[in-house]
Amino acid sequence: MAIVTSKEMFKKAYDGGYAIGAFNVNNMEIIQGITEAAIEKHAPLILQVSKGARAYAKHAYLMKLIEAAIEDAEQTAGFDLPICVHLDHGDTFELCKSCIDGGFTSVMIDGSSKSFEDNIALTKQVVEYAHDHGVVVEGELGTLAGIEDEVNVDADNASYTRPEEVEEFVTRTGVDSLAIAIGTSHGAYKFTAAQCTRNEKGILVPPPLRFDILEEVSKRLPGFPIVLHGSSSVPQEFVKIINENGGKMPDAVGIPEEQLRQAAKGAVCKINIDSDLRLAMTASIRKYFAEHPDHFDPRQYLKPARIAIKDMVAHKLVDVLGCDGKA
Ligand code: G3H
Ligand code: 13P
Ligand code: ZN
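Source: prediction; values computed, not measured.

Close to ligand 2 lie 16 residues; Asp88, Lys190, Ser232, Asp274 and Ser275 are nearest. Take Asp88: an N or O atom from its side chain is 2.7 Å from an oxygen atom of ligand 2. The contact in question runs from an oxygen atom of ligand 2 to an N or O atom on the side chain of His229, over 3.1 Å. Burial of ligand 2 by the surrounding chains reaches 96%, relative to a free accessible area of 310 Å². Listed by contribution, the elements that provide at least two residues to the shell around ligand 2 are β3 (83-90) and β12 (268-273). Residue classes in the shell around ligand 2 are distributed as 1 nonpolar, 12 polar and 3 charged.

What follows is the structure in structure tokens.
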């Protein structure tokens, strides 16, 4: 199967009460770990590439690796793995155009830090070019706290999506999906300790997501796919392994998985996960180095890291996104 758009995936996800996982990719082991999980669980997949990932690995390497994953799925598992290749947080028309011209099937134009009118103008320009080339577009309204690629947004400046703006934005731009801000944020520190309570084990419990905003948005946009960024759960078992093996990640905290599951049952069709991949990989490598101080062959420590990614992604596909068996 060739690389596909997310159109069909989102329609089925919306109607079926589940979400597609959008995982950020930066190198071969990450792509292999994610796709091996998707093959095993028969799950549709979105692999997304940030501006930073493209600068790190180069567009052609990432495209060829993704094509290789599709070929491998077909040859080794006899499985047509549907993959949508998406630009994460595109910030200019030129970047989106370059990804569209280079074979991506979906792009995000993130005009969320601009005024409403400037966001509409930029998003519309990208949509016109993308649709002419059979590519779908994700827009964003509302601002997430944390780090959005190279844009740093502090918690005080984060603003939730205003439901009263969504119909006008979608109608005037023609976007195919919309990312909204309901309390998620990027990175491994999604909330300060002061914003959380602590459970009996001393683990931070964050404030709940704003499901009231999600509900209001989905009422105004019936059948329209909604996207959640900043949706890593920051599994505490990874944080513990990192901290026990020379790392320092105090009070790292993410979005509880039950809340993501709840969102996936409704209008949320795409859930973005990057930090959890980084944590799985880093925890595995730190542990490996601590246990094998004499090893220096990258294959020795990257192999368990790839397995850690596969196991984590398989769990998300089944227990959080609910998209296993949907490919
Ligand atoms: O939303 C941001 C993603 O986690 C991508 O991060 O810009 O460091 O590749 P990056
Ligand atoms: P996390 O940092 O929560 O993994 O979010 C990733 C993301 O939203 C990529 O666009
Ligand atoms: Zn994001």
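Let us keep going from here.
This next bit is on the sheet that holds β3. Overall, parallel pairing links the 8 strands, which are arranged β1-β2-β3-β4-β5-β8-β11-β12 in a closed barrel. The average undirected angle you get between the axes of adjacent strands in this sheet is 25°. Sheet topology places strand β8 (residues 177-180) next to strand β11 (residues 226-228); 2 bridges connect them, and they run parallel. Considered in β11, the bridge of Ala179 is made with Val227. Across the sheet, helix α1 (residues 7-16) touches β1 (20-24), β2 (45-50), β3, β8 and β12, and the angle it forms with β12 is around 110°.

Turning next to the coordination of the zinc ion (ligand 3). Within the protein, the zinc ion (ligand 3) binds to His89 (NE2), His186 (NE2) and His229 (ND1); these donor distances fall in the range 2.1 Å. Positions of the donor residues of the zinc ion (ligand 3) along the chain correspond to the pattern H-x96-H-x42-H. Here the residue His89 occupies a position in strand β3, and His186 occupies one in the loop between β8 and β9 (197-198), the gap between them amounting to 97 residues. An identical accessibility class is assigned to His89 and His186; each is buried.

Once that is clear, we can look at the side chain of Glu138. Structurally, Glu138 can be placed in strand β5 (residues 136-141). By relative accessible area, which is 1% here, Glu138 ends up buried. There is a polar contact of 2.7 Å between the side chain of Glu138 and the side chain of His229. If near-sequence neighbours (up to four positions away) are discounted, Glu138 is found in contact with His86, Val107, Met108, Ile109, Val175, Ser177, Ala179, Val227, His229 and Lys270.

Let's shift gears to the pairing of strand β4 (residues 106-109). Residues Ser106 and Met108 of β4 are buried on one face, and the alternating residues Val107 and Ile109, pointing to the opposite face, are buried as well. With helix α5 (residues 93-101) bridging β3 and its parallel neighbour β4, the resulting β-α-β unit is right-handed. In this sheet, β5 lies alongside β4 in parallel orientation, the contact comprising 3 bridges. Bridging across to β5, Ser106 finds its partner in Val136. Handedness of the β4-helix α6 (residues 116-132)-β5 crossover: right-handed.

Following both chains from N to C, one finds α6 and helix α7 (residues 166-173) inclined at 35°, their axes separated by 9 Å at the closest point. In this structure, α6 crosses over α7, and the sense of that crossing is right-handed. Between α6 and α7, the residues in contact are Phe116, Glu117, Asn119, Ile120, Thr123, Lys124 and Val127 and Glu168, Phe169, Arg172 and Thr173, respectively. Of the residues that constitute the contact of α6 with α7, the class distribution is 4 nonpolar, 3 polar and 4 charged.

Criteria and thresholds
- Numbering of residues begins from 1 in every chain and follows the order in which that chain's sequence is written.
- Chains and ligands are labelled by the order in which they are written, letters from A for the one and numbers from 1 for the other.
- Confidence filtering applies because this is a predicted model: local features only for residues at pLDDT of at least 70, side-chain atom pairs given and counted only at 80 or more, and all residues used for totals across whole chains, interfaces and linings.
- Hydrogens are left out, water is left out, and the side-chain values use all remaining heavy atoms of the structure.
- By convention in these notes, a residue is near a molecule or strand provided one of its non-hydrogen atoms lies within 4 Å of it.
- By the criterion applied in these results, polar contacts are pairs of N or O atoms within 3.5 Å in which, for protein atoms, one can donate a hydrogen and the other can accept it, and in which residues neighboring in sequence qualify only through two side-chain atoms.
- Only the protein chains shown count as covering a residue, and every accessible area follows the Shrake-Rupley method with a 1.4 Å probe.
- Secondary structure counts use DSSP, requiring at least four H or I residues in a row for a helix and at least two E residues in a row for a strand, with both numbered from the N terminus.
- Under the grouping applied here, Gly and all other residues not named as nonpolar or charged are polar, the nonpolar ones being Ala, Val, Leu, Ile, Met, Phe, Trp, Tyr, Cys and Pro and the charged ones Asp, Glu, Lys and Arg.
- Here, a strand pair is defined by DSSP locating no fewer than two bridges between the strands.
- What counts as an axis is a line fitted to C-alpha atoms, over the stretch in contact for a helix, and the angles between N-to-C directions run from 0 to 180 degrees.
- In what follows, residue pairs with any heavy atoms lying within 4.5 Å of each other are defined as contacts.
- Distances decide who is a donor: an N, O or S atom must be within 2.8 Å of the metal, or within 3.2 Å for Na, K and Ca. Water is not included, so sites may look incomplete.
- Each residue's exposure class comes from its accessible area (1.4 Å probe, protein chains only) as a fraction of the maximum for that residue type: buried when under 20%, exposed when over 50%, partly exposed otherwise.
- When the strands point away from the viewer, a crossover counts as right-handed if the path from the first strand over the helix to the second runs clockwise.
- By definition, any crossing whose near helix is turned counterclockwise from its far helix by less than a right angle is left-handed, and any crossing with a clockwise turn is right-handed.

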